[in-house]
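# Geometric and topological summary
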Amino acid sequence: SEWWVEDIRSGGDSGPWQKGDMLHLFPKGRYRTKWYQIGNDAGAFCCIGIHGQWLWIDPRKEKIIAKLSAQKEPVDDDMDILLILALEAIVDSVA
């Protein structure tokens, strides 16, 4: 529902995020109800699963990217940082 999406997009407290162990992924981020607010100008948000599963939503460009994967490791920070850059580049490159 619309209220649920708005709660995910605008909720969450950046204070605990700034003290957490995922700050390196989203320095301006927040977390709410299993969703991550990226903290970029587009208002993008995502959910992240283990082994490389991602769902990336960019409301400004009205784009959604689903990444299905079977990475060997459940969590791979180096790969995730590259993926974030790739997802932002993909969204920026499409009309």
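## A word on the overall build of the protein chain
Of regular secondary structure, the protein chain possesses three helices and five strands. Listing each helix as α and each strand as β along the protein chain from the N terminus yields α-α-β-β-β-β-β-α. Taken along the three principal axes of its C-alpha coordinates, the protein chain extends 35 × 35 × 25 Å. Looking at the 95 residues of the protein chain, the share that counts as buried comes to 27%. Sequence separation of 24 or more characterises 31% of the internal contacts of the protein chain that already satisfy a separation of 6 or more. Surface accessibility of the protein chain: about 6200 Å² in total, with carbon and sulfur atoms responsible for 58%.

## Quick look at the layout of surface pockets
Considered as a void within the structure, the largest pocket measures approximately 190 Å³ in volume. Here the residues of the lining of the largest pocket sort into eight nonpolar, four polar and four charged.

## Focus on the nonpolar core
For soluble globular proteins, nonpolar side chains are generally found buried alongside one another. Ranked by size, the top nonpolar core spans 14 residues in total, and within it F26, I38, C46, W54, W56, I84 and L87 carry the most contacts. Every element with two or more residues in this core is listed here: β4 (54-58) and α3 (77-93). By residue number, the principal contributor to this core is α3, which donates four residues.

## Section: α3
For an α-helix the count is 3.6 residues per turn, leaving residues at separations of three or four pointing the same way. Here α3 spans 24 Å end to end across 17 residues, near enough to the 24 Å set by a 1.5 Å rise per residue. Considering only its buried residues, α3 is in contact with β4 and β5 (63-67).

Reading the values: the criteria
Residues numbered from 1 in each chain as written. Predicted model: local features only at pLDDT ≥ 70, side-chain atom pairs only at ≥ 80, totals over all residues. Heavy atoms only, no water. Helix = DSSP H or I, 4+ residues; strand = E, 2+ residues; numbered from the N terminus. Buried < 20%, exposed > 50% of the residue type's maximum accessible area, 1.4 Å probe, protein only. Contact = heavy atoms within 4.5 Å. Areas by Shrake-Rupley, 256 points an atom, 1.4 Å probe, with all protein chains shown as cover. 1 Å grid on protein atoms, 1.4 Å probe; cavity = no way out; pocket = protein on both sides within 12 Å on 5 of 7 lines; lining within 4 Å. Points joined across faces, edges and corners; volume = space filled by probe spheres on them. Nonpolar A, V, L, I, M, F, W, Y, C, P; charged D, E, K, R; others polar. Core = buried A, V, L, I, M, F, W, Y, C linked by side-chain atoms within 4.5 Å. Expected span 1.5 Å × (residues − 1).

These figures come from the coordinates and say nothing about function on their own.
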